[in-house]
Amino acid sequence: MGEDLSMSDLERLLELQANDTTSDQLRHRRANLPEQAEISRLEHVIAERRTALDEPMAQRTALGRDQKRLEDEIAGITTKITSVDALLYGSSMTSPKEAQALQADLESLKRRQSSLEDEVLELMEQIEPLDALLAAADVALSEIDAEIARVRVTLVEHQSEIDAEAGAIAAARAPLADSVPTELLAEYERLRPLHGGVAVARLSGPTCLGCHISLAAAEVDRLRREPADAIVHCPDCGCLLAR
Ligand SMILES: [Zn+2]
């Protein structure tokens, strides 16, 4: 009678172990979903591409600043040209000598204006391919962002499936744990973290199914001589053995 009871205690503990192992596997699967790895990989790609854009963006900013400076200077010269023009061709009287000096000023200002405009054109030629590169990079980054969003949808689906399964497993645990004697359960809980989650295993012939190591014949004999309700451990992995 005591033997039957003890066997079924260990049988029930094996059921609890199966439940806990499934729970561990689900947690492991949830933490290692391929979609999560794919999202990390894509986020890494985005970070790398953003870093690669630092240099061209700095160049673009510097060129834009140069362009602005030249255009401000051109605007100043244009204002001067307008006022010299007004003096030269306006109603106020100017002597030929003054007119000659103003004409010389005007030509000098126009030469300067034209040279600055050439510089602006050169800058714009440098800016154009940079802008194209930055725009293309923007499009590529948005595409990766969209891909991440798609993968995340799949990830959440898979997480929800696992969570539903894990919920059912968790709900089944309490009655299983309640069916095992307190001391045996305490021993089980103590051993589980020490042995990678496996605290009880069946002894199949000479082989412990916890660690899949075959016990020495003398060891198997010694275990067989133990009373059926004795708590025995695998000498290799230390887990409880259901004989
Ligand atoms: Zn073992």
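Visitor: Please explain the overall build of the protein chain as it appears in this structure.
Guide: Summing up its helical and strand segments, the protein chain has five helices and four strands in all. Against the globule reference of 18 Å for 243 residues, the protein chain gives a C-alpha radius of gyration of 42 Å, more extended than a compact globule. Overall, the C-alpha framework of the protein chain stretches about 135 × 35 × 25 Å when taken along its three principal axes. By residue count, 8% of the 243 residues in the protein chain fall in the buried class. Summarising the internal contacts of the protein chain: among those between residues at least 6 apart in sequence, 77% fall at separations of at least 24.

Visitor: Looking at this model, I keep getting lost on the sheet that holds strand β2 (residues 207–208). Mind explaining?
Guide: In sheet architecture, strand pairing relies on hydrogen bonds along the backbone and comes in two forms, parallel and antiparallel. Within the open sheet, the four strands sit side by side as β3-β2-β1-β4. Their pairing is mixed. On the outer flanks of this sheet lie β3 (213–214) and β4 (240–242), each paired with one strand and no other. Summarising the sheet, β2 and β3 pair through two bridges and their orientation is antiparallel. From the neighbouring strand, Cys 208 faces β3, where its bridge partner is Ile 213.

Visitor: What exactly am I supposed to notice about unusual backbone geometry here?
Guide: One can expect most non-glycine residues to show negative phi and most peptide bonds to be in trans. Despite not being glycine, His 212 shows a phi value in the positive range, around 60°. With respect to the helices and strands, His 212 occurs in the loop between β2 and β3.

Visitor: Help me understand helix α2 (residues 34–89), please; the structure alone is not making it clear to me.
Guide: In this model α2 runs 79 Å from its N-terminal to its C-terminal C-alpha over 56 residues, within 8% of the 82 Å that 1.5 Å per residue would give. Maximum bend of α2: about 35°, positioned at Asp 54, with proline Pro 56 one to four residues after it.

Visitor: Even after reading the chapter, I still don't get the domain arrangement of the protein chain, so can you show me in this structure?
Guide: Quoted interface sizes are often the accessible area lost when the parts come together. Annotation of the protein chain at the domain level lists domain 1 (2–25 + 181–242) and domain 2 (33–178). On a C-alpha basis, the centroid separation for the pair domain 1 and domain 2 is 66 Å. For the side of domain 1 that touches domain 2, the element with the most residues is helix α1 (residues 2–31), which contributes six residues. Broken down by class, the residue content of the side of domain 1 that touches domain 2 amounts to two nonpolar, three polar and two charged.

Visitor: Help me understand the nonpolar core in this model?
Guide: Nonpolar side chains in soluble globular proteins tend to be buried together. In terms of nonpolar packing, the biggest core is built from 15 residues, with Leu 13, Val 200, Ala 201, Cys 239, Leu 240 and Leu 241 touching the most fellow members. Among the secondary structure elements, those contributing two or more residues to this core are α1, β1 (200–204) and β4. Apart from residues no more than four positions distant in its own chain, Cys 239 is found in contact with Leu 191, His 195, Val 198, Ala 199, Val 200, Ala 201, Gly 210, His 233 and Cys 234.

Visitor: Help me understand the environment of Leu 33, please; the structure alone is not making it clear to me.
Guide: Among the structural elements, Leu 33 can be located in the loop between α1 and α2. Residues Leu 33 and His 158, 125 residues apart in the sequence, show an inter-C-alpha distance of 8.1 Å. Dropping the residues within four chain positions of it, Leu 33 is found in contact with Leu 155 and His 158.

Visitor: Just checking my understanding: could you explain the packing of α2 against helix α3 (residues 96–178) for this structure?
Guide: Pairs of packed helices are described in terms of their axes, by the angle between the two and the distance that separates them. Between α2 and α3, the least distance of the axes is 6 Å, while the angle of their chain directions is 160°. When the axes of α2 and α3 are compared, the pair comes out roughly antiparallel. Every pair of crossing elements has a handedness; the one defined by α2 and α3 is left-handed. Grouping the constituent residues of the contact of α2 with α3 by class yields 32 nonpolar, nine polar and 17 charged.

Visitor: Can you walk me through the pairing of β1 in this structure?
Guide: Every other side chain in a regular strand lies on the same face of the sheet, so the side chains alternate between the two faces. For β1 and β4, the ladder comprises three bridges, and the chain directions are parallel. Bridge pairing in β4 links Arg 202 to Ala 242. Here β1 pairs with β2 via two bridges, running antiparallel. Along β2, the bridge assignment pairs Ser 204 with Thr 207.

Visitor: What should I look at first to understand the confidence of the model for the protein chain in this one?
Guide: Low pLDDT means the predicted atomic positions in that stretch should not be read closely. Confidence in the prediction of the protein chain, expressed as mean pLDDT, is 93, and 97% of residues score 70 or more. Ignoring residues within four places in sequence, the model shows residues 1–5, a span with pLDDT below 50, making three contacts including any to other chains.

Visitor: Help me out: how do you make sense of the environment of Asp 20 in this one?
Guide: Position of Asp 20 among the secondary structure elements: in helix α1. On the basis of neighbour counts, which here come to 21 C-beta atoms within 10 Å, the residue Asp 20 falls in the buried class. As for Asp 20 and Val 198, which are separated by 178 residues in sequence, their C-alpha atoms are 8.8 Å apart.

The rules behind the values
- Residues numbered from 1 in each chain as written.
- Predicted model: local features only at pLDDT ≥ 70, side-chain atom pairs only at ≥ 80, totals over all residues.
- Helix = DSSP H or I, 4+ residues; strand = E, 2+ residues; numbered from the N terminus.
- Rg over C-alpha atoms; globule rule 2.2 N^0.38 Å.
- Buried ≥ 20, exposed ≤ 12 C-beta atoms within 10 Å, placed from the backbone.
- Contact = placed C-beta atoms within 7 Å.
- Pairing = 2+ DSSP bridges.
- Expected span 1.5 Å × (residues − 1).
- Bend = angle between axes of the 7 residues up to and from the residue.
- Domains from an automatic or database assignment.
- Nonpolar A, V, L, I, M, F, W, Y, C, P; charged D, E, K, R; others polar.
- Core = buried A, V, L, I, M, F, W, Y, C linked by C-beta atoms within 7 Å.
- Axes fitted to C-alpha atoms, helices over the stretch in contact; angles between N-to-C directions.
- Parallel < 35°, antiparallel > 145°, perpendicular 65-115°, else oblique.
- Left-handed = near helix turned anticlockwise from the far one by under 90°.
- pLDDT = per-residue confidence, 0-100.

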